[in-house]
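Remarks on the overall topology
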Amino acid sequence: MKLKLLLIIFCTTSLLGAAPQSQFPDTPAARQFTAWLETFNSGDRAKLLEFLQKNNPTRAGDIDGEMGFRRMTGGFEFKKAEESTATKFTGILKERDSDTFARFALEVEAAEPHQIKSMDLRQIPIPTEFAQPRMRQDAALSALRAELEKRLAADSFAGAVLVAKDGKPVFKAAYGLADREKKISNQLDTQFRIGSMNKMFTAVSVLQLVQTGKIKLTDPLGKYLTDYPNKDLASKVTIHQLLTHTGGTGDFFGPEFDKHRLELKTLQDYLKLYGQRGVEFEPGSKWAYSNYGFLLLGMLVEKMSGQSYYDYVAEHVYKPAGMTLTASLPEDQVVPSRSVGYTHFRGPGAPGSSAAPEAWRSNTDTLPYRGTSAGGGYSTVEDLFHFAMALENHKLLDAEHTKMLTTGKVDTPGGGKYAYGFGDEMIGGIRCFGHGGGAPGMNGDLKICPGTGYVVAVLANLDPPAAQRISDFVLNRLPEK
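Throughout, residues of each chain are indexed from 1 in the direction in which the sequence is written. Local features in this predicted model are restricted to residues whose pLDDT is 70 or higher, and side-chain atom pairs enter the listing and the counts only when it is 80 or higher, whereas totals over whole chains, interfaces and linings include all residues. Side-chain metrics rest on all non-hydrogen atoms present in the structure, leaving aside hydrogens and water.

**Describing the overall build of the protein**
To be explicit about the condition: Helix and strand assignments come from DSSP, with helices taken as H or I runs of at least 4 residues and strands as E runs of at least 2, each series counted from the N terminus. In this treatment the radius of gyration is a C-alpha quantity, and the globule benchmark scales as 2.2 Å times the residue count to the 0.38 power. We call a residue buried when its accessible area falls under 20% of the maximum for its residue type, exposed when it is over 50%, and partly exposed in between, using a 1.4 Å probe and counting protein chains only. We call two residues in contact when some of their heavy atoms are within 4.5 Å. Calculation of accessible area relied on Shrake-Rupley with a 1.4 Å probe; when residues are assessed, cover is drawn exclusively from the protein chains displayed. When charges are counted, neither His nor the chain ends are considered; positive counts come from Lys and Arg and negative counts from Asp and Glu. One atom stands in for each charge, and that atom is NZ of Lys, CZ of Arg, CG of Asp or CD of Glu.
Tallying secondary structure elements over the protein gives 15 helices and 18 strands in all. By the compact-globule yardstick of 23 Å for 481 residues, the protein fits well, its C-alpha radius of gyration being 22 Å. Expressed as lengths along the three principal axes of its C-alpha atoms, the size of the protein is roughly 65 × 55 × 45 Å. Buried positions account for 57% of the 481 residues belonging to the protein. In the protein, of all internal contacts separated by at least 6 residues, the share reaching a separation of at least 24 is 64%. Working note: accessible area of the protein is about 19,100 Å², and carbon and sulfur atoms make up 52% of it. Across the protein, the centroid of the 56 positively charged side chains sits 2 Å from that of the 55 negatively charged ones.

Written out as structure tokens, the structure is:
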């Protein structure tokens, strides 16, 4: 869960919006689509389960996941058909609960009863024909305030928001509760877990070492981590590929992580558990988000700086940027201003599985022992703003390496590009770079838009996409100048 590189792929169905029957072709694929249209948007668990059992039995076992997706999106509006045959129907959808658009492709069996073979649903940039009109700054911020109040009332946002223009905050506010049991409100200095947003700090650290000549981006990992267990991976995967998620190094979340979650206390502990694995594909051949790759980059920072990863980022990133409330202390250490995360997700580290919508619960049993170079620390919206300013004012890297850090290099499924630990995308014609983060009970997003002078930082102590929705909302409405 991460930057707005969100790729949602359901092997079956997950969509649809209320639209007149006449909008759809009279084909088996389109009829299945319209049937799903009503069922998914109804939000009725029993109806959805019945539909899946009849039309796609393999998905019926993940009814909680389907209902969680329905809760997250609010359902879909059908916007446009693109391709239609007897067995395939594709088009454009918009989430009811956000500005998010997606392209769907539904395929059915040729023979009756035309069961659904697959449903592929991917987020796309807002199509030009459906672009959200931009507003004056004061109107956009007024709309943002109303949207936040609406989501607060619906219990779908709790967190903090900061919008800055040309280096000065023009909107900042906190909403909801940091601790529901103790009735402690969120504040601007509340420290929220930031998930994968730590990747920005890791990438800056690596580029600092590149800038000083200690690391070359084209070198393989094994040149520096000479005792890395899997020699094939170490000899093939370059630093550039780790930074761009093109190394094929995979993830570390899953059953093994859940089993050893509280035993993984250092970066070396992760290496001991996962270091024998090989690459999942030929390095450089494609993009695939890799938390483990950024774990290895943290180890690279340690090896080439002679400091622990945590000491390095504190001294060389947080301190020069003026980030006084950002860190990654272990979860068993008291951090008085750190919020409690609340989730609907069910099971340790399992964002694909959702519990009943009314059951907010603490995310404690999903948290790692400590954040790593791949993510899991905590920060504030004001610290993230200071980080953005330090980047733009070249307090962390010179102009050449800042540009190298933040300029997109590899296409990603969401329609943008990935740079070095930063996403680089066009939002309604405006270029922005930054990164998001998310896991059960946490969500955040930082966007830096140099052409317009805007910086947007949003953090939430609720499940994704609580913060991402707010970031998208305001970025789609702020003026171009």
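So, next bit.
**Some points on the state of the cysteines**
The cut-off we apply is this: Working definition: a disulfide is two cysteine sulfur atoms within 2.5 Å of each other.
The full count for this structure, using the stated rule, is 1 disulfide. What pairs with Cys432 in a disulfide is Cys449, and their sulfur atoms sit 2.1 Å apart. Across the S-S bond of Cys432 and Cys449 the torsion is about 100 degrees, and the bridge reads as right-handed. On the criterion of sequence distance, the pair formed by Cys432 in strand E16 (residues 430-439) and Cys449 in strand E17 (residues 442-449) is long-range, its members being 17 residues apart.

**Section: helix H14 (residues 399-406)**
Rules: By arc we mean the arc of the directions from the helix axis to the C-beta atoms, nothing more. Distance and chemistry together define a polar contact, namely a pair of N or O atoms within 3.5 Å, with one atom able to donate a hydrogen and the other to accept it when in protein, and with adjacent residues in sequence counting only for side-chain atoms on both sides.
The complete set of buried residues in H14 reads His401, Thr402, Leu405 and Thr406. Down the axis of H14, the smallest arc covering the buried residues is 125 degrees, so these residues share one side. Facing away from the buried side of H14 by over 90 degrees, the exposed positions are Glu400 and Lys403. Buried residues in H14 make contact with helix H6 (198-211), helix H13 (381-392), strand E15 (423-427) and E16. For H14, the N-terminal capping position is held by Asp398, with its side-chain oxygen 3.2 Å away from the main-chain nitrogen of Glu400.

**Some points on the pattern of salt bridges**
So the rule is basically this: In what follows, salt bridge is the name for a side-chain nitrogen of Lys or Arg lying within 4 Å of a carboxyl oxygen of Asp or Glu.
Here the structure, examined in full by the defined rule, presents 27 salt bridges. The closest approach of N and O atoms between Glu77 and Lys79, which form a salt bridge, is 3.9 Å. By relative accessible area, which is 31% here, Glu77 ends up partly exposed. Its relative accessible area of 31% is what places Lys79 among the partly exposed residues. Between Asp424 and Arg431 there is a salt bridge; the shortest N-O distance is 2.9 Å. Among the charged side chains, a salt-bridge network with shared partners connects Asp97, Glu147, Lys150 and Arg151.

**Notes on the packing of aromatic side chains**
For the record, the criterion: Between rings of Phe, Tyr and Trp, where Trp is taken as its six-membered ring, a pair exists when centres lie within 6.5 Å; planes separated by under 30 degrees are stacked, by over 60 edge-to-face, and by other angles tilted. Placement of a positive charge over a ring is assigned whenever Lys NZ or Arg CZ falls within 6 Å of the ring centre and within 35 degrees of the normal to the ring plane.
Across all of its chains, the model carries 29 aromatic pairs by this definition. Pairing Phe101 with Phe130 gives two aromatic rings, centres 5.6 Å apart and planes at 15 degrees, and the pair type is stacked. Within this pair, whereas Phe101 is found in strand E3 (residues 101-108), its partner Phe130 is found in the loop between strand E4 (116-124) and helix H5 (137-153), the two being separated by 29 residues in sequence. Residue Phe130 is classed as partly exposed on the basis of its relative accessible area of 23%. Cluster of aromatic residues (ring-pair linked, three or more members): Phe252, Phe253, Phe257, Tyr270, Tyr274 and Tyr292. Here the guanidinium or amino end of Lys199 rests over the ring plane of Phe294, the centre of that ring lying 5.8 Å away.

**Some points on the sheet that holds strand E1 (residues 76-84)**
Just so we agree on the cut-off: DSSP calls a pair of strands paired once it identifies at least 2 bridges connecting them. Angular values range over 0 to 180 degrees, each being the angle between N-to-C directions of two axes fitted as lines to C-alpha atoms, with helices fitted over their stretch in contact.
Reading across from one edge, E1-E2-E3-E4 is the order of the 4 strands in this open sheet, with antiparallel pairing throughout. With one partner strand each, in any of the chains shown, E1 and E4 form the two edges of the open sheet. Shown here is a sheet whose adjacent strand axes are inclined to one another by a mean of 20 degrees, direction ignored. Two elements, E1 and strand E2 (residues 88-95), share 7 bridges in a ladder whose sense is antiparallel. Bridge pairing links Ala81 to Gly91 in E2.

**What to know about the nonpolar core**
Rules: Grouping buried Ala, Val, Leu, Ile, Met, Phe, Trp, Tyr and Cys residues that are joined through side-chain atoms within 4.5 Å yields what is termed a nonpolar core.
With 74 residues, the main nonpolar core has Phe201, Ile239, Leu243 and Phe387 as its most contacted residues. Residues contacting Phe387, with those up to four places away along its chain left out, are Met200, Phe201, Val204, Val317, Ala321, Met323, Leu396, Phe422 and Leu446. Ranked by size, the runner-up nonpolar core spans 29 residues in total, among them Leu141, Ala143, Ala173 and Ala460.

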